[in-house]
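Single-letter residue listing:
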Amino acid sequence: MSQASDTTLSPIAFELFKNAIFSIADEMALTIFRTTYSGVLKDNMDYSTAFCDANGKLVAQGLTLPGHLGSIPSALDAVVKKFGDDIGPGDIFAMNDPFEGGMHLPDIFVFKPLFHEGRRVAFAATICHHTDVGGRVAGSNASDSTEIYQEGLRIPPLKLFEAGKRNETLFALIEKNVRVPVKVFGDLRAQLAACHIAERQFAELITEYGAATVDRLMVELIDYAERLTRAALSDLPDGTWSFEDFIDDDGIDVGKPIRLMCTITKEGDGMTVDWTGSSPQVKGAINNTFSFSAAAAYTAVRSVLPAGIPNNEGVFRAIKVICEPGTVTWGVLPAACAARGLTGFRMTDCCFGALAMMLPDQVNAAGDGGNTGLSIGGYDVDRKPFIYVDFTCGAWGGRPWGDGLDGNSHMMANMASQSVEVTEQENPIQILAYEFSTDRAGPGKFRGGVPFYRDYRFLEDEGVLQVRSDRRDFPPFGLYGGYPGKGSMNWLNPGEGGEPLPSKLTLNITKGTIFRHEVAGAGGWGDPLEREPARVLDDARNEKISVRAAADNYGVVIDAATWTVDQAATNALRERVRTARGWTEMPVMLRERPTHAGEGDAR
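This section reports on the structure supplied with the text.

How each quantity is defined
- Residues numbered from 1 in each chain as written.
- Predicted model: local features only at pLDDT ≥ 70, side-chain atom pairs only at ≥ 80, totals over all residues.
- Heavy atoms only, no water.
- Core = buried A, V, L, I, M, F, W, Y, C linked by side-chain atoms within 4.5 Å.
- Buried < 20%, exposed > 50% of the residue type's maximum accessible area, 1.4 Å probe, protein only.
- Helix = DSSP H or I, 4+ residues; strand = E, 2+ residues; numbered from the N terminus.
- Contact = heavy atoms within 4.5 Å.
- Salt bridge = Lys/Arg side-chain N within 4 Å of Asp/Glu carboxyl O.
- Arc of directions from axis to C-beta.
- Pairing = 2+ DSSP bridges.
- Axes fitted to C-alpha atoms, helices over the stretch in contact; angles between N-to-C directions.
- 1 Å grid on protein atoms, 1.4 Å probe; cavity = no way out; pocket = protein on both sides within 12 Å on 5 of 7 lines; lining within 4 Å.
- Points joined across faces, edges and corners; volume = space filled by probe spheres on them.
- Phe/Tyr/Trp six-rings, centres within 6.5 Å; stacked < 30°, edge-to-face > 60°.
- Polar contact = N/O pair within 3.5 Å; in protein donor to acceptor, adjacent residues only side chain to side chain.
- Parallel < 35°, antiparallel > 145°, perpendicular 65-115°, else oblique.
- Left-handed = near helix turned anticlockwise from the far one by under 90°.

### Examining the nonpolar core
Residues I21, F111, F202, V273 and W275 are the most contacted members of the largest nonpolar core, which totals 137 residues. Per element, the largest residue contribution to this core is 11 residues, and it comes from helix α5 (residues 181–209). Here V273 is in contact with C262, T263, I264, A297, V301, I319, K320, V321, I322 and C351, once residues within four sequence places are set aside. Within the second largest apolar cluster, 15 residues are counted, among which are I376, I431, F458 and L492.

### What to know about the pattern of salt bridges
For the structure shown, the criterion picks out 40 salt bridges. Of the charged contacts, one joins K159 and E162 as a salt bridge, the two residues approaching to 3.5 Å between their closest N and O atoms. In this structure E162 comes out as partly exposed when scored by relative accessible area, which is 45%. A salt bridge links K504 to D249; the shortest N-O distance between them is 3.6 Å. You can see K504 sitting in strand β20 (residues 504–510) and its partner D249 sitting in the loop between β8 (239–247) and β9 (258–267), a full 255 residues away along the chain.

### A closer look at the side chain of T348
One can find T348 in helix α9 (residues 340–358). Residue T348 is classed as buried on the basis of its relative accessible area, which comes to 0%. With residues up to four places along the chain from it excluded, the contact list for T348 reads A296, T299, A300, H410 and M412.

### Side note on helix α11 (residues 533–541)
Taken residue by residue, α11 has P533, V536, L537, D539 and A540 as its buried positions. What you see down the axis of α11 is that its buried residues fit within an arc of 160°, all on one side. When the buried face of α11 is taken as reference, the exposed residues oriented beyond 90 degrees from it are A534 and R541. Elements in contact with the buried residues of α11: α12 (547–554), β22 (558–559), β23 (564–565) and α13 (567–581). At the exit of α11 stands E543, carrying a positive phi of roughly 60°.

### A look at unusual backbone geometry
Geometrically, the link from L333 to P334 is a cis peptide bond, its omega value of 5° lying close to zero. Backbone geometry at A163 places phi at a positive 50°, although glycine is not the residue there. Its location among the elements puts A163 in the loop between β6 (158–162) and β7 (165–166). Take A163: its relative accessible area is 61%, and that puts it in the exposed class. Here E543, not a glycine, exhibits a phi torsion of approximately 60°, which is positive. By the secondary structure assignment, E543 is in the loop between α11 and α12.

### Quick look at the sheet that holds strand β5 (residues 119–129)
An order of β2-β1-β5-β4-β3-β6-β7 is seen for the 7 strands of this open sheet, with the pairing classed as antiparallel. Each end of this open sheet is capped by a strand with a single partner; those strands are β2 (58–61) and β7. Where β6 and β7 come together, 2 bridges link them in antiparallel fashion. In the strand pairing of β7, E162 is matched with K165. Seen against the sheet, helix α3 (residues 71–83) touches β1 (47–53), β2, β3 (92–95), β4 (107–116), β5 and β6 and runs at an angle of roughly 65° to β4.

### Some thoughts on the sheet that holds strand β11 (residues 319–322)
Within the open sheet, the 4 strands sit side by side as β8-β9-β10-β11. Their pairing is mixed. The strands lining the two open edges of the sheet, one partner per strand, are β8 and β11. For this sheet, the mean angle separating the axes of adjacent strands, direction not counted, is 15°. Bridge analysis of β8 against β9 gives 9 bridges, and the strand direction is antiparallel. If you follow G239 over to β9, its bridge partner there is K266. Together, β8, β9 and β10 (270–274) form the strand contacts of α9, whose direction differs from that of β8 by roughly 145°.

### With respect to empty space enclosed by the protein
Here the structure, examined in full by the defined rule, presents 5 cavities of 30 Å³ or more. Its volume calculated, the largest cavity comes out at about 120 Å³. In terms of lining, the largest cavity is formed by 16 residues, of which the most central are D46, F292, R340, F345 and M415. Take the lining of the largest cavity: its biggest share by element is 3 residues, from α9.

### Regarding the packing of aromatic side chains
Under the definition given, this model contains 17 aromatic pairs. Between F17 and Y209, the ring centres sit 5.5 Å apart and the planes meet at 80°, which makes this aromatic pair edge-to-face. You can see F17 sitting in helix α1 (residues 11–35) and its partner Y209 sitting in helix α5, a full 192 residues away along the chain. An identical accessibility class is assigned to F17 and Y209; each is buried. When the ring of F51 is compared with that of F202, the centres are 4.7 Å apart and the planes differ by 45°; the resulting orientation is tilted. With F51 in strand β1 and F202 in helix α5, the pair connects residues that are 151 residues apart, well separated along the chain. F202 carries the same exposure label as F51, and that label is buried.

### Describing the side chain of R516
Structurally, R516 is set in strand β21 (residues 514–518). At 2.6 Å, the side chain of R516 forms a polar contact with the side chain of D455. Those residues in contact with R516 that lie beyond four places of it in its chain are Y453, R454, D455, M489, N490, W491 and P494.

### A look at the packing of helix α4 (residues 168–177) against α5
In the contact formed by α4 and α5, the axes pass within 9 Å of each other and the chain directions differ by 140°. Relative to α5, the element α4 lies oblique. α5 is crossed by α4, and the crossing has right-handed handedness. Between α4 and α5, the residues in contact are F171, I174 and E175 and P181, V184, F185 and L188, respectively.

### Remarks on the pairing of β11
Each regular strand carries side chains that alternate between the two faces of the sheet. The alternating pattern of β11 places I319 and V321 on a buried face, while none of K320 and I322, on the opposite face, is buried. Of the pairings in the sheet, the one linking β10 to β11 comprises 4 bridges and is parallel in character. When the bridges of β11 are listed, D274 appears paired with I322.

### Description of the environment of F202
F202 sits in the buried class, given a relative accessible area of 2%. Once the C-alpha coordinates of F202 and A122 are considered, the two residues, 80 residues apart in sequence, prove to be 8.7 Å apart. In this view, F202 contacts I21, I24, F51, L114, V121, A122, V214 and M218; residues no more than four positions away in its chain are not counted.

What follows is the structure, encoded as C-alpha cells:
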C-alpha cells in the first residue's frame, strides 16, 4: 500500500499499522539493550521506550517496564508546555525533575520530536535508569535522604540538542555532577540511538501510508485501546472495594509503619483507583510521584484485562487515578523520592488486594514486595570511582490456578537478573551465594513463589553500601486461606555472630565485609490443606520446603528415608488441623500465619 487515502483503509491495514508502530517501540528497546553501558540497563533492563503522537499522547509502549506506564506522557507534557512552539527539527529534549513530570532523578527522559515536511508528526521517547546522577550517596538511590536536594542533579525540561547542535553547557554540567560520566554518557547515547531508529522507521511508515493517514491511524489506535478497555471493564462487576496495607517504615522514622489505602470503584465502563487515606509524605526518600502511583494502578488493573489491549493513552482514559498531594502517593517539594520504586511496587500489591475481593478467581496473592535496590560505591586505590547498582527480586504470589513463580521479577518491574560473572568482572565484589531459601514461601493450595538470598563480599578497602528493601515487618499477604510468606531480611557478615540490619540502610563497609539480602517469600493462595500431597513431596525433595514444614503447614507426612507420603498419617493430621482451627469459611486475606494444635505431629 502506498499513500493510501483516509477512506480506503481496511481492518487488515489497521492491524498492520498497529503492529508496525508497536514494533518501532520494541526496536527502540532492543537498541538500548544492545548499545547501553551500565549493568542496570544491559542486565536489569530498567528502561522503557515509547512512541507518541505530535501532541505527546502515548500511542505505543515497547517491551519494557509496566512501572513506566503513564510516566512518559507526564514527562513529555512538561516538555511541550514549557517549549510550546519552540520545538523544531533537530531538537532533542532531556529531563528528570520529579516535580515537572519525572519520577526520580536517576530516571532521565530523552524525547526527540519527529518532523515531516516541516510539520511535527510524532515524538520518540525513552527513559533510562542511570547508574549515578550525583548526590550524597553513590548510585543516587538512597532511601535515607530527606530532601530532593540531597539526591543528585535535577534537570528540568531542557534541550540536549538544538537544531542538531549539542548543548555543550548541559553536557558539561552533567559530566561535572556524576561519578561515572563514561557510563552516563554511554547510556545517553543509547537513548539517542533508539530515537534515531524510531525517526528512520517512522519515516518509512509515512512513505508507505501517507502523513495524513498516519495521523488518523495514531488517533484511531488510541481510540481503539479505549474501546477495548471500556468493553472489558463493562464485563466486570460494579461496586466498591477497599484494601489497606503497610510499608515497614521510611528508613528515618524506623518502626513507624506507612499506610497505603486503595479504594477501587467500578461503574459501567469506567474504573476509579483512589489512594485517599494513605499516609502523609514522609521524611525518607520513598515518596512517590503521581505518575508512578498512576502506573501502579494501571499495572494492577491492566493485569486483569484481556492481553490484546494495546498499552497506550486509550487505556488510561478509562481508569481514573486519585492521589492527594502531600501524601506518600504524591510527594510535593522538598520531598525526597529516590527510592520511590519501593512505594510503587507496594501500591501495586495493595491494588491487587482490592481487586482480589472484586475478582477472586483472577488475582494473585502478594509477591515479594517489589525489587530490592542495592548499590555499592566508592573509590579504588587510584581514586577511580566504582558503582555497582542492582535490583533484585524473585517471587510472585500464589495464583488461583497455580503456584507463584519462583525467581521471577515483580509484575511492575519487568527486570532481569545481573550475571554473577559480569558483576564480579566489573566490580570489586564476589557473589558467594545465590540460592533459593527453604521454608520462606507462603503455604497454600497454590504456594507463593520461593524467594532466594544472595551473599556479597566486598573486595575494595572501603566503600558505601546502600539498601532499599521492605516486607520485613509486614510480610506478603496470602489470599483465600493461603498463608503469608516470610519477611525479608538483611544481614551483615551472616552466620554465627552475624548482625541483622534494618530494611533500609546506608552503611560504610570495608574489605571482606559480607552482606546478605534475603528476599521475602510470596503469599500463598487457598487452603494449604488442599494442596496435593505429591506437590508437597516434590517441593520437599527440591528443598523448597522442609519435611517438618510439610507437616506443619500442609498436614503432609513425608518419610524422608524413602521420600514417600504416608497417606494414612496425612489424612489423620489434616483432619486434626481442620478441627483445631475451627474455620467455617476461608478468610479473604491472611497477614499472619495461623497456628494449630498438634503442629508437626506426624503420628
